[in-house]
Amino acid sequence: MAVVAISQPSEALAGRPSSVRAWLQRLGAYLQALPLILILGFFFVLPILTVLVVSFWDYDFAGLYPDFLTMNYVDTLGSWVTWKTYLNTLKFTALVWCLTLLIGFWAAYFLAFHVRTTTMQMVLFLICTVPFLTSNIIRMISWIPVLGRNGLVNSTLIDLGIIPQPIEWLLYSDFAVVLAMVHLNTLFMVTPIFNTLMRIDRSLIEAARDCGASGRQVLWNVILPLAKPGIAIGSIFVVTLVMADFSTVQVMSGGQSASVALMMKNQMSLLQYPAAAANAVVLLIVVLLMVAAILRVVDIRKEL
């Protein structure tokens, strides 16, 4: 019994340094993560919580009144105009996503598989990024003299005798909005897809060809499945950017079309901040559901 009594404290003393060491390791991990937690908390979590809180406040032309009312959400979700605006925004998002995916994938495919040297790949990729050295507003407005009634496109078509009079729907229409959005957001689809295609093992493509697969079969059965993470990342970029865009819709449609972000901008200009906050919360939920659907289909952890 005496031996047992002596051995138990010695075992406790032997186990104590290991527990202290484990506690210190956990503390060190928390301290290492603390800067990131503070940054995300201050710049990400806190603004979202602020918008959520303000969305329940009351307001009038004179100011804001802290309260807990569901009036703003009832007005947002109970209005047919709001639903129509959301449908219009989703229409823009779907069209821009399809076009940017088509253009972005083939541009990335050409850079990855048809340009042989790495130097030329980088040069061509940098050429693609040159327009992004200017402001989005400038690149968007630059379409006005091209698509206008007396713009470059209409003048050329009239001079060639193809059309008798200018085409009206080229500018200040949904066509102009989609065209400008595709121009502004295509690179966000090209970059992740190009990064994914460059990581594909070329021996897989050679093995497929050795097995008798045609170029179309290699593309469909080998390259596209391996490019899904890049397509998913590019899709997330494009979807979130288009859903939050208001300046392109306002300028390129000439005020004839609407989006959720533009509706929120108009509400804020009228000092209706709680109503705009409620719309922001609903828009955030819609975007998160779309991103969750993309992540449900494709696992992007391989790319990250």
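By the naming in an unreviewed UniProt entry, the protein is ABC transporter permease subunit, taken from Ensifer canadensis. In its Sequence similarities (unreviewed entry) section, the UniProt entry covering the protein states "Belongs to the binding-protein-dependent transport system permease family. CysTW subfamily." Turning to the protein, the UniProt annotation filed under Subcellular location (unreviewed entry) states: "Cell membrane".

(A) Summary view of the environment of Pro 131. Topologically, Pro 131 is positioned in the loop between α4 (118-129) and α5 (136-141). Between the alpha carbons of Pro 131 and Leu 184 there is a distance of 9.0 Å; along the sequence they are 53 residues apart.

(B) Structural detail: the packing of helix α3 (residues 80-114) against helix α8 (residues 174-198). For the pair α3 and α8, the least separation of the axes is 6 Å and the interaxial angle reads 40°. Considering their axes alone, α3 and α8 lie oblique with respect to each other. Note that α3 runs across α8; the crossing there is right-handed. A per-class count over the contact of α3 with α8 returns 24 nonpolar, five polar and two charged.

(C) Fine view of the pattern of salt bridges. Under the criterion given, the structure shown has three salt bridges. Lys 91 is the partner of Asp 174 in a salt bridge, and the nearest nitrogen-oxygen pair spans 2.9 Å. Taken together, the residues span a long stretch of sequence, with Asp 174 in helix α8 and Lys 91 in helix α3 at a distance of 83 residues. Asp 174 gets classed as partly exposed once you look at its relative accessible area, which sits at 30%. Arg 209 serves as the salt-bridge partner of Glu 206, at 3.9 Å between the closest nitrogen and oxygen. One end of the pair is Glu 206 and the other is Arg 209, both in helix α9 (residues 202-210) and three residues apart, which spans about a single turn. Its relative accessible area of 40% is what places Glu 206 among the partly exposed residues. With a relative accessible area of 48%, Arg 209 lands in the partly exposed category.

(D) Main features of the nonpolar core. Of all hydrophobic cores here, the largest spans 44 residues; its most connected members are Phe 105, Phe 113, Ile 193, Leu 197 and Ile 223. Of all the elements, α8 adds the most residues to this core, at 13 residues. Beyond its immediate sequence surroundings of up to four residues, Ile 193 is in contact with Leu 101, Gly 104, Phe 105, Ala 108, Gly 230 and Ile 231. Counting residues in hydrophobic clusters, the runner-up holds 22 residues, among them Phe 56, Tyr 73, Ala 232 and Ile 233.

(E) Region of interest: the UniProt feature "transmembrane region" (unreviewed entry) in the protein. As annotated by UniProt and renumbered to match this structure, "transmembrane region" (unreviewed entry) occupies residues 33-57, 92-111, 123-144, 175-197, 218-244 and 273-298. In residues 123-144, the share of helix is 64% and the share of strand is 0%. The end C-alpha atoms are 29 Å apart. In this annotation, residues 175-197 is assigned 100% helix and 0% strand; the end-to-end C-alpha distance for the span is 31 Å.

(F) Structural context of the environment of Leu 24. As for its position among the elements, Leu 24 is in helix α1 (residues 2-54). A sequence separation of 206 residues divides Leu 24 from Gly 230, and the C-alpha atoms of the two residues are 39 Å apart.

(G) Just the packing of aromatic side chains, in detail. This structure, assessed with the given rule, holds ten aromatic pairs. Here the aromatic rings of Phe 125 and Phe 194 are separated by 5.6 Å at their centres, their planes lie at 15°, and the arrangement is stacked. Note that Phe 125 is positioned in helix α4 and Phe 194 in helix α8, a separation of 69 residues in sequence. Comparing Phe 125 with Phe 194 shows no difference in burial state: the two are buried. Geometrically, the ring pair formed by Trp 169 and Phe 175 is edge-to-face, given 5.3 Å between the ring centres and 90° between the ring planes. Joined through ring pairs, the aromatic side chains of Phe 105, Trp 106, Tyr 109 and Phe 113 make up one cluster.

Reading the values: the criteria
- Residues numbered from 1 in each chain as written.
- Predicted model: local features only at pLDDT ≥ 70, side-chain atom pairs only at ≥ 80, totals over all residues.
- Heavy atoms only, no water.
- UniProt positions renumbered as here; feature names shortened; annotations may be inferred.
- Helix = DSSP H or I, 4+ residues; strand = E, 2+ residues; numbered from the N terminus.
- Axes fitted to C-alpha atoms, helices over the stretch in contact; angles between N-to-C directions.
- Parallel < 35°, antiparallel > 145°, perpendicular 65-115°, else oblique.
- Left-handed = near helix turned anticlockwise from the far one by under 90°.
- Nonpolar A, V, L, I, M, F, W, Y, C, P; charged D, E, K, R; others polar.
- Salt bridge = Lys/Arg side-chain N within 4 Å of Asp/Glu carboxyl O.
- Buried < 20%, exposed > 50% of the residue type's maximum accessible area, 1.4 Å probe, protein only.
- Core = buried A, V, L, I, M, F, W, Y, C linked by side-chain atoms within 4.5 Å.
- Contact = heavy atoms within 4.5 Å.
- Phe/Tyr/Trp six-rings, centres within 6.5 Å; stacked < 30°, edge-to-face > 60°.

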